[in-house]
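Residue-level structural notes
What follows is each chain in one-letter form.
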Amino acid sequence: MILDRNALLAAAAAVAVVAGLFLAAAGLLGWADRPARRRSRAGQRLRAVVGIGGGNNGPAQWWARASTRFTAAFVAALLVWLFTGWPMGGLATALAVSALPWLLNSGAGAARDISRLEAVEEWVRRLSDIHTVGVSLEQSIQRSLQTVPTGIKEEVTRLVSRMSAGWLPQDAYRVFADELNDATADEVVALLILHIEDRGAGLSHALNDLASGLAQEVLARREIEADRQKPRTNDRWVTIFCLMIFGLSMLSGAYTEPYTTFTGQIVLIGLGVAFVAVKIWMRRMALIEPTPRFLSAADRAGSESALQETS
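For clarity, every value in this text was computed on a predicted model and none was experimentally measured.

Let's talk about the pattern of salt bridges
Close approach of charged atoms lets side chains of opposite charge pair. According to the stated counting rule, one finds 12 salt bridges in the structure shown. In this structure, E179 and R158 form a salt bridge, with 2.9 Å as the shortest nitrogen-oxygen distance. Pair noted here: E179 is in helix α9 (residues 169-180) and R158 is in helix α8 (residues 153-164), with a separation of 21 residues, a long-range link. Note that E217 is salt-bridged to R221, the shortest N-O span being 3.0 Å. Of the two residues, E217 and R221 are both situated in helix α11 (residues 203-249); the distance of 4 residues between them amounts to about one turn of the helix. For E217, a relative accessible area of 28% puts it in the partly exposed group. Given the relative accessible area of 21%, R221 is considered partly exposed.

Structure follows, in structure tokens:
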């Protein structure tokens, strides 16, 4: 195939289309990291389907990990287009390469959430050991920063920074809960807030009991994920098979000749859209509806409004 100016201009146009779709998705999901913002249930499910979670998996961190993959996707798309003459083939290659983790690892979000909850359980247990008579809760949290698990190190570091900056402890704890964004983690924060109102003895014992409950929750979630691993493995192999067929089909001139026409390109787009739609449908079925939080910013605003109406 002759690499003329028109082919290069067409390749540049395809890159612009991919970039436009990417920016549209970023605008829809919210690009700036706002860990304290409470997202709607629909927004949480959309981000779970796309593969962008909260906490350590915010958009900025996601882009930092994916930038190399997007560069490889651009190079692969350009090569496929120039050497096969398929504009939509190049676009499909770019999307497939850039979305490989999403296509092949559908259970990453659930595993990440379990690891974060396990880190919370370990941190609470260590906090119960650190907190002793004569040491305030705020001092215990600051000391726990030296041994905090990696999964929640950033969140605990910001919690300590807010309290050191003069935040009211209850406000700092609530923002910490919004960053963790988990109903089970809300139980931990609720205990910390209650201790502010009643600085009685027995906090270490309560934290230890709470850590035991968190450990049981982690175990239950891991058992559920183990049961769901087999269908996910089958889905992964089906996806690999489909991608291999797509790649091998580009080497068969007679078989793929109809796709070089305008109508063939439209059919190729339809097949790609159908494949993505089936993947999204399967991921939605595998998603577990999260337990509603009771310390979210939206719930607090609703409670305050209800109190004002009754008063």
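Some remarks on the side chain of H131
You can see H131 is positioned in the loop between α6 (108-130) and α7 (137-144). Ignoring anything within four residues of it in the chain, the contact list for H131 reads S136, L137, S140, L203 and S204.

Thoughts on helix α4 (residues 87-98)
For α4, with 12 residues, the first-to-last C-alpha span of 17 Å sits near the 16 Å given by 1.5 Å per residue. For α4, the set of buried residues is G89, G90, L91, T93, A94, A96 and S98.

Rules used in this analysis
Residues numbered from 1 in each chain as written. Predicted model: local features only at pLDDT ≥ 70, side-chain atom pairs only at ≥ 80, totals over all residues. Heavy atoms only, no water. Salt bridge = Lys/Arg side-chain N within 4 Å of Asp/Glu carboxyl O. Helix = DSSP H or I, 4+ residues; strand = E, 2+ residues; numbered from the N terminus. Buried < 20%, exposed > 50% of the residue type's maximum accessible area, 1.4 Å probe, protein only. Contact = heavy atoms within 4.5 Å. Expected span 1.5 Å × (residues − 1).

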